[in-house]
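Observations on chain architecture
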Amino acid sequence: MSIVDIAREKALEQGVGLSQDELLQVLQVDDETLKEIADIAHQTRLKWCGPDVEVEGIISLKTGGCPEDCHFCSQSGLFESPVRAVLLNINELIEAAKRNQKVGATEFCIVAAVKGPDENLVRQVERAIPRIKEEVDIEISCSLGTVTREQVERFKAAGATRYNHNLETARSHFPNVVTTHTWEERRETLQNVRDAGLEVCSGGIIGMGESLEQRAEFAAQLAEIEPREVPMNFLDPRPGTPFADYPLVPLGEALRAVAMFRLAMPRTVIRFAGGRELSLGTEGFEKGLLGGINAIIAGNYLTTLGERIETDLETLNRIDLPIKAL
């Protein structure tokens, strides 16, 4: 049976994710077969997730000065990168949430560049979430590094819906990307999130020197944890980081990865995140939305510029995909 037939039968008809070996076959298809695979991925997303596209805005509560050595990240305090520590107050978070809601975002994520939150940061987020929700009709998620179950429970009690902590890459490749903590530590945080009753959000970055086999491994490992949402980033090589000279992911590889993620997780929210403007451009953005993606981060990212929100919304309107409403 061909990989096209397997994808149609398992992912589209049954809503079951493909195996790691099958996902590798998706990454290896020729250009002509990619068109078929991408269409199956899109039909799978429509059948099991519906037509709506979720729009999310993000804000960095604490930017820069992180003690970890994630080789892709300009927020690490260990690299000679241009990002330096900046802190926001609660009023600034509220205003950012309002701006995101005005352009159609239904989710707002509070992010901090830390190994994990200290008590002061936990308390600030606990105060911020209900203040934001008082003034803005929007779901709140958090991404604050490694957390205990007790900390997650406090975020949930404050009103958070979801917690993000990316696995970043395949377990076998992780030591080539980060050395100051382990893949297992990240996995433990995701278990704490699930145990505390918050929705799990976890994804990573394509293009950090991993092999195609490791990309398939990564998608399979994400599928095992059954996240509600998977943010899909493509490496944007940042000056001063160890990955500064890495090449961009070519468009064809990026679209194969999009289809692979959808076929690995037919029922999951898969969200275009950082780097997609560079690797996919306008053409690839549209093809990704018609090839498995069903959510986007709109506007700028933590330390890099994104596409204009208005441009993204124009694309959604042109290809007749509705924006999800609360």
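Once a new chain begins, its residue numbering starts again from 1 and follows that chain's sequence as written. Restriction of local features to residues with pLDDT of at least 70 applies here, the model being predicted, together with a cutoff of 80 or more for giving and counting side-chain atom pairs; totals for whole chains, interfaces and linings are based on all residues. Side-chain calculation: all heavy atoms of the structure are included, whereas hydrogens and water are not.

Examining unusual backbone geometry
Across residues other than glycine, the phi torsion is negative in most instances, and most of the peptide bonds are trans. Backbone geometry places Glu168, a non-glycine residue, at a positive phi of 80°. Relative to the helices and strands, Glu168 is located in the loop between strand S5 (162–164) and helix H7 (183–196). When a residue's accessible area, from a 1.4 Å probe over protein chains only, is under 20% of the maximum for its type it is buried; when over 50% it is exposed; and in between it is partly exposed. A relative accessible area of 7% means that Glu168 is categorised as buried. Even without a glycine there, the phi angle at Glu226 is positive, about 50°. Counting from the N terminus, the helices are DSSP H or I runs at least four residues long and the strands are E runs at least two residues long.

Describing the nonpolar core
Leu18, Ile37, Ile132, Met232, Phe234, Phe261 and Leu263 are the most contacted members of the largest nonpolar core, which has 91 residues in total. Per element, the largest residue contribution to this core is nine residues, and it comes from helix H9 (residues 251–264). Two residues qualify as a contact provided that any one of their heavy atoms is within 4.5 Å of a heavy atom in the partner residue. Leaving out residues up to four positions away in the same chain, Ile37 has contacts with Ile3, Val4, Ala7, Val26, Val29, Ala259 and Leu263. The definition of a nonpolar core used throughout is a set of buried Ala, Val, Leu, Ile, Met, Phe, Trp, Tyr and Cys residues joined through side-chain atoms within 4.5 Å. The next biggest cluster of nonpolar side chains, apart from the first, holds five residues, and it includes Ile58, Cys109, Ala273 and Ile297.

Concerning the layout of surface pockets
Rolled over the atoms, a probe sized like a water molecule indicates the empty space that remains. By volume, the second largest pocket is sized at about 190 Å³. A cavity here means a set of 1 Å grid points, computed over protein atoms only, where a 1.4 Å probe fits but cannot escape. A pocket is an open set with protein on both sides within 12 Å along at least 5 of 7 lines, and lining residues have an atom within 4 Å of a point. Every residue along the wall of the second largest pocket is listed here: Asp31, Glu32, Leu34, Lys35, Ala38, Leu255, Val258, Lys287, Gly288 and Gly291. When residues of the lining of the second largest pocket are traced back to their parent elements, those giving at least two are helix H3 (31–49), H9 and helix H11 (281–289). With five residues, H3 is the largest single contributor of residues to the lining of the second largest pocket. Considered class by class, the residues forming the lining of the second largest pocket number four nonpolar, two polar and four charged. Grid points are joined across faces, edges and corners, and a volume is the space filled by probe spheres set on the points. Each residue is assigned to one of three groups, with Ala, Val, Leu, Ile, Met, Phe, Trp, Tyr, Cys and Pro labelled nonpolar, Asp, Glu, Lys and Arg labelled charged, and all others, Gly among them, labelled polar.

A few points about the packing of helix H2 (residues 20–27) against helix H8 (residues 212–225)
As a rule, the C-alpha atoms of each element are fitted with a line to give its axis, helices using only the stretch in contact, and angles between N-to-C directions run from 0 to 180 degrees. In the contact formed by H2 and H8, the axes pass within 8 Å of each other and the chain directions differ by 130°. Viewed along their axes, H2 and H8 adopt a mutual orientation that is oblique. For the pair H2 and H8, the crossing hand works out as right-handed. For the pair H2 and H8, contact is made by Gln20, Leu23, Leu24 and Leu27 and by Leu212, Glu213, Arg215, Ala216, Glu217, Ala219 and Ala220, respectively. Residues that form the contact of H2 with H8 fall into these classes: seven nonpolar, one polar and three charged. When describing relative orientation, an angle under 35 degrees is termed roughly parallel and one over 145 degrees roughly antiparallel, while 65 to 115 degrees is termed roughly perpendicular and anything else oblique. Crossing chirality is assigned from the near helix's rotation relative to the far helix, an anticlockwise turn below a right angle marking it left-handed and a clockwise turn marking it right-handed.

Concerning the side chain of Arg186
Note on placement: Arg186 falls in helix H7. Using a relative accessible area of 7% as the deciding quantity, one classes Arg186 as buried. Discounting residues that sit within four places of it in the chain, Arg186 has contacts with Cys70, His165, Asn166, Leu167, Glu168, Phe174 and His181.

Details of the UniProt feature "binding site: [2Fe-2S] cluster" (unreviewed entry) in the protein chain
UniProt's feature table lists "binding site: [2Fe-2S] cluster" (unreviewed entry) at Cys109, Ser141, Cys201 and Arg271, given in the numbering used throughout. On the basis of their most widely separated C-alpha atoms, the annotated residues across 163 residues gather in one place, lying no more than 14.3 Å apart. Here Cys109 is to be found in strand S3 (residues 107–112). With a relative accessible area of 5%, Cys109 lands in the buried category. Within the secondary structure layout, Ser141 lies in strand S4 (residues 139–143). UniProt positions are given in the numbering used here, feature names are shortened, and annotations may be inferred rather than shown by experiment.

A closer look at the UniProt feature "binding site: [4Fe-4S] cluster" (unreviewed entry) in the protein chain
Residues annotated by UniProt as "binding site: [4Fe-4S] cluster" (unreviewed entry) correspond here to Cys66, Cys70 and Cys73. Looking at Cys70, the relative accessible area reads 10%, which means it is buried. For Cys73, the location among the structural elements is in the loop between strand S1 (54–63) and strand S2 (86–87).

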